[in-house]
Amino acid sequence: MLVREAACLSTASLSTGGMVVAATGLCIAILVAFAAPAWAERIENTDLKYTIELPTGCRIERRAGQVEATCDPATGSTPTFQLPKAKALLFEIDAEQVPEGATPYTEEAFRAEVADAVCGTAEARLDGVRADRTGKGAMVFTASLTCPPVAMLGLDERHAQVRYHIARLHRYRLMARVPSARAEQHRPAIKAFLDSFKTTAE
C-alpha cells in the first residue's frame, strides 16, 4: 500500500553543516511503502528530479532543497529531541538547480569544500576520494571523512561517507555521518542510503 503526499515549499535559502542550498517553488512527493521493510520511505522530488530512500524509524525533516533523517546512533531508530544532530546518525541530501552560466564543478572544488561542509572544519581527514563519470555524463565525487573530536562541544570523532552527484542541470550532495564508534554498526544502512539515490531526468 502506497500513500502519496505532496508538499510545496516556497523560495528559501538555508545553511546546514556548511552546505548552502537555494531552491524555488519545490514540490516534494513522498512515497511511503508501509508493507516494505524498515528502509521503506521513498522520497521523490519532482522539481529537482531525484528519488532516494530513508529509514522510516528516524526523525525526518524536509526543507527547501534538503531532506534529513536523524537517528539514534545506538539503535538506528528515532532519537530523543534533545539529541544534537552533530551527535546523531544523520542522513542528508541537499539538491539545487545549476544556475545558467555556472562554473563547472571540479574535483578540486569538491576537495576544497567537503571537509568544512560535513565536519565544520577543514582539519577533517579526507580519504578515498574518487571522481567517476556516469553513462549520462554526470560527475560523481565520493569520499570518506573522519571528523576530529571537538572537546568544547562534547563531540567525539565522527565518520562520514559523502557522494556528490553533479549533473548538467542539478547538483546533489549526499552525506551520512555517525560517531566513529558506531560506524561499523551502521555501515549497511549508510550504503543502502547512498545506493538508493537515483536521478529521474538528465
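Let us look at the structure shown here.

The rules behind these values
Residues numbered from 1 in each chain as written. Predicted model: local features only at pLDDT ≥ 70, side-chain atom pairs only at ≥ 80, totals over all residues. Heavy atoms only, no water. Salt bridge = Lys/Arg side-chain N within 4 Å of Asp/Glu carboxyl O. Buried < 20%, exposed > 50% of the residue type's maximum accessible area, 1.4 Å probe, protein only. Phe/Tyr/Trp six-rings, centres within 6.5 Å; stacked < 30°, edge-to-face > 60°. Helix = DSSP H or I, 4+ residues; strand = E, 2+ residues; numbered from the N terminus. Lys NZ or Arg CZ within 6 Å of the ring centre and 35° of its normal.

1. Things to note about the pattern of salt bridges
Stage number 1. Taken as a whole and assessed by the stated rule, the structure comprises 14 salt bridges.
Stage number 2. Between Asp127 and Arg125 there is a salt bridge, with the nearest N and O atoms lying 2.9 Å from each other.
Stage number 3. In this structure, the salt-bridge partner of Asp132 is Arg130, at a minimum N-O distance of 3.0 Å.
Stage number 4. Residue Arg130 is classed as partly exposed on the basis of its relative accessible area, which comes to 49%.

2. Points about the packing of aromatic side chains
Stage number 1. Applying the stated rule across the entire model yields eight aromatic pairs.
Stage number 2. Look at Tyr50 and Tyr172: their rings are 5.7 Å apart centre to centre, the planes differ by 75°, and that puts the pair in the edge-to-face class. You can see Tyr50 sitting in strand β6 (residues 50-54) and its partner Tyr172 sitting in strand β13 (residues 170-179), a full 122 residues away along the chain. Of the two residues examined, Tyr50 and Tyr172, each falls in the buried class.
Stage number 3. On the basis of an interplanar angle of 20° and a centroid distance of 5.5 Å, the ring pair of Phe110 and Phe141 is categorised as stacked. Taken together, the residues Phe110 in helix α1 (residues 107-119) and Phe141 in strand β11 (residues 139-147) connect sequence positions 31 residues apart. Phe141 matches Phe110 in its accessibility class, with the two residues each being buried.
Stage number 4. Taken together, Tyr105, Phe110, Phe141 and Tyr164 form an aromatic cluster joined through their ring pairs.
Stage number 5. Above the ring of Tyr164, the side-chain terminus of Arg173 is found at 5.6 Å from the ring centroid.

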